[in-house]
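Descriptive analysis of the structure
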Amino acid sequence: MTQDDGDLDSLVRKRIRALRVAQGWSLDELATRARLSPSTLSRIENGQRRLALDQLVTLARAMDTTLDQLVETGTDDVISSPTIDSVHQRMRWTVRAEPGMTVVRQRMTDPPPDNPSRMRAHPGREWLVVLSGTAVLLLGNRRFRVETNQSAEFPTMLPHAIGAEGGPCELLGIFDRDARRGHQRGEDGGDGGGGDGS
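Residues numbered from 1 in each chain as written. Predicted model: local features only at pLDDT ≥ 70, side-chain atom pairs only at ≥ 80, totals over all residues. Heavy atoms only, no water.

What about the pairing of strand β5 (residues 135-139)?
In terms of burial, β5 is a largely internal element, five of the five residues being buried. A two-sided burial pattern is seen for β5, the buried positions comprising Ala135, Leu137 and Leu139 on one face and Val136 and Leu138 on the other. Relative to strand β6 (residues 142-146), β5 runs antiparallel, the two sharing five bridges. Bridging across to β6, valine 136 finds its partner in arginine 145. With antiparallel pairing between neighbouring strands as the criterion, β5 and β6 make up a hairpin whose turn holds two residues, including glycine 140 at a positive phi of roughly 65 degrees. (Buried < 20%, exposed > 50% of the residue type's maximum accessible area, 1.4 Å probe, protein only. Helix = DSSP H or I, 4+ residues; strand = E, 2+ residues; numbered from the N terminus. Pairing = 2+ DSSP bridges.)

Have a look at this one:
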């Protein structure tokens, strides 16, 4: 066994124990769920028993995770830098574990558009938090003030727009794949004044 194999073996054992403890399960409870004896599970966690693939698959299922997540070692790409869109005053990050998800940080200075025809609607969901200032969210025929540290979540099939109120505001938004695509299509013709947070 190489040093890397030993590191992976130790990591998987620690992960099994950490997941069990996080669920609040005793050895007996997880052993019952995984159809193993408590002593076998204890020896797996403590490194006194060889890790067998069939047991790992069973344990992953019992803990409501996947084998890939149980043995994942990818820690090389922990830190990432944003793509910067200076025209729209945005920073954009992709979420590696969920390639359809995008995180956007945006500074807004304009109020939301007065004209309802400038509100967007498209498939998807959006979540945002106001980092500083006050934002106004137009959602359908409703108007919401979103203060610093408050968040909003909504389906983007509702016509929506976001803008600043009483001065600049900064937002952090998370968009699923459909919401991201809808906003990217909307950007082709410009920002649309007031913006919509993405």
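Right, picking up where we left off after that structure.
Overview of unusual backbone geometry
One non-glycine residue with positive phi stands out, namely aspartate 64, at about 60 degrees. Given the relative accessible area of 71%, aspartate 64 is considered exposed.

Quick look at the sheet that holds β6
If you trace the three strands from one edge of the open sheet to the other, you get β6-β5-β8, paired in antiparallel fashion. The sheet terminates laterally at β6 and β8 (160-164), the two strands that pair on one side only. Each neighbouring strand pair of the sheet contributes to a mean axis angle of 20 degrees, computed without reference to strand direction. (Axes fitted to C-alpha atoms, helices over the stretch in contact; angles between N-to-C directions.)

Description of the packing of helix α2 (residues 27-34) against helix α4 (residues 53-62)
As a packed pair, α2 and α4 sit with axes 8 Å apart at the nearest point and diverge in direction by 110 degrees. Classified by the interaxial angle, the pair formed by α2 and α4 is roughly perpendicular. Crossing hand, α2 versus α4: right-handed. Of α4, the residues touching α2 (which contributes Leu30, Arg33 and Ala34) are Thr58, Leu59 and Ala62. (Parallel < 35°, antiparallel > 145°, perpendicular 65-115°, else oblique. Left-handed = near helix turned anticlockwise from the far one by under 90°. Contact = heavy atoms within 4.5 Å.)

Overview of the confidence of the model for the protein chain
Model confidence for the protein chain is summarised by a mean pLDDT of 82, while 83% of its residues fall at 70 or above. Below pLDDT 50 for its whole length, residues 188-198 participates in 38 contacts with residues either more than four positions away or in separate chains. (pLDDT = per-residue confidence, 0-100.)

Some details on the packing of α2 against helix α3 (residues 38-46)
What describes two packed helices is the angle between their axes and the distance between those same axes. Their axes nearest at 8 Å, the elements α2 and α3 cross at an angle of 105 degrees. Compared by their axis directions, α2 and α3 come out roughly perpendicular. Facing Leu27, Asp28, Leu30 and Ala31 of α2, the residues of α3 in contact are Pro38, Leu41, Ser42 and Glu45. Here the residues of the contact of α2 with α3 sort into five nonpolar, one polar and two charged. (Nonpolar A, V, L, I, M, F, W, Y, C, P; charged D, E, K, R; others polar.)

Observations regarding the nonpolar core
Ranked by size, the top nonpolar core spans 16 residues in total, and within it Ile16, Leu30, Leu59, Met63 and Leu70 carry the most contacts. Elements with a minimum of two residues in this core: α1 (3-23), α2, α3 and α4. Sort the elements by how many residues they give to this core and α4 lands first, with four residues. The residues contacting methionine 63, other than those within four sequence positions of it, are Ile16, Leu19, Arg20, Gln23, Trp25, Leu30 and Leu70. Val130, Leu137, Leu139 and Leu171 belong to the second-largest nonpolar core, a separate cluster that totals 13 residues. (Core = buried A, V, L, I, M, F, W, Y, C linked by side-chain atoms within 4.5 Å.)

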